[in-house]
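Chain by chain, the residues run as shown.
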2 protein chains.
Amino acid sequence: MMNKGLLIVVSGPSGAGKGSICRQLLNTVSEIKLSVSVTTRNPRSGEVEGENYYFVEKKDFEKLIEKDDLLEYAKVYDNYYGTPRKYVMDHIQQGKDVLLEIDIQGALQIKERYPEGIFVFILPPSMQELKRRIIHRGSETEASLEKRFQSAFEEINYVKKYDYCVVNDHLDQAVERVKAIIKAEKCKVTKDIEEIILKYKEEGLC
Amino acid sequence: MMNKGLLIVVSGPSGAGKGSICRQLLNTVSEIKLSVSVTTRNPRSGEVEGENYYFVEKKDFEKLIEKDDLLEYAKVYDNYYGTPRKYVMDHIQQGKDVLLEIDIQGALQIKERYPEGIFVFILPPSMQELKRRIIHRGSETEASLEKRFQSAFEEINYVKKYDYCVVNDHLDQAVERVKAIIKAEKCKVTKDIEEIILKYKEEGLC
């Protein structure tokens, strides 16, 4: 029942499949806008400016921080990553929904700054399956694998801070659940309801 | 993320179309159980015991009230109508979703006794359309029409007490919205989440 768009934050441990869910969601619901992150790391081969990331210099990123132009940011091994506030807020004000795929620390920062967002935690069907998926990516050493698995294991605790939790057992069904969450959220009775009541009443009096 | 079933209470002013929405929902989602009301009024031609209503004697209805066996009840022109508690609670405990189509006063009684229910208010697309639908039913005198319309007009205010509000502009779309609400509610993070976290942790330690 809202005129503003929704900010849908999809998050969860690595290996849970939040990337696949977001891709399929964007492919099937054309109205949803993807929030593109800004980073100081170098583009990898094939990455497109404004599609995968906005690539900026470190000094420009620090200006964004200074001017409070980021909804969240983090420094990972000397590289900054962040979510530009303006893109998200402009679209929401125009009534468009914005999707943000982000790690758990980023999601929690956003929740502090924009609690009206819809926070969706993606769970793997099981820890064994999560392990299998992390191994399957193949780009890890045994030690970093173990570390990544341990971190996913701890991250599961954060699901408590989210509004919704979607088990990614079958990709199609998981995407349907996220779509249902978005549709249901648009039917929620919020404080905007007073305006709607007024509209019905004015019309009823004509 | 819940094992218990949901109680979905569909309510709204007469003419909003809650009956059509519930019928279509039951026809397309076979797992949902309809809660059948109990009444002391006589069966009308074609009405089936246990399908349209449970028909009981007045003294038996009063026993149900006494024993607190009703989730809600009302007396309308000398006839009692009520919602048997046991049917609803048994199914919910078994993990089945129960649908209840009910007027606003009944819904508000249920909300007091079972606030975990999902309360969905059906709105007509406009008051003019509501008027047209009430007239179209054709079974009313001019005076009772005006009264019914006036009461619908006042009932719109109660939407504030509900969790969700679905505008019944197109029946199919309205039904899709109710389905989305049910699907999304099943993904909500509730206090049951602790159990789920534990399950993942135990499995991860194996």
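Residues numbered from 1 in each chain as written. Chains lettered and ligands numbered in written order. Predicted model: local features only at pLDDT ≥ 70, side-chain atom pairs only at ≥ 80, totals over all residues. Heavy atoms only, no water.

To continue, consider the UniProt feature "binding site: ATP" (unreviewed entry) in chain A. All names here are of chain A. With numbering aligned to this structure, UniProt lists the feature "binding site: ATP" (unreviewed entry) at G12, P13, S14, G15, A16, G17, K18 and G19. Looking at the secondary structure, you find S14 in the loop between β1 (7–11) and α1 (18–28). If near-sequence neighbours (up to four positions away) are discounted, S14 is found in contact with L130, I134, R137, R148, A152 and E155. Within the structure, S14 has its side chain in polar contact with the side chain of R148 (distance 3.3 Å). Within the secondary structure, G15 is located in the loop between β1 and α1. You can call G15 buried: its relative accessible area is 4%. The residues contacting G15, other than those within four sequence positions of it, are L130, R133, I134 and R137. (UniProt positions renumbered as here; feature names shortened; annotations may be inferred. Helix = DSSP H or I, 4+ residues; strand = E, 2+ residues; numbered from the N terminus. Contact = heavy atoms within 4.5 Å. Polar contact = N/O pair within 3.5 Å; in protein donor to acceptor, adjacent residues only side chain to side chain. Buried < 20%, exposed > 50% of the residue type's maximum accessible area, 1.4 Å probe, protein only.)

This part is about helix α3 (residues 85–93) of chain B. All names here are of chain B. Every buried residue of α3 is accounted for by V88, M89, H91 and I92. End-on, the buried residues of α3 take up no more than an arc of 165 degrees, which puts them together on one face. Those residues of α3 that are exposed and angled more than 90 degrees off the buried face are K86 and Q93. Buried positions along α3 lie against β1 (7–11), β2 (33–34), β5 (70–76), β6 (79–84) and β7 (98–101). (Arc of directions from axis to C-beta.)

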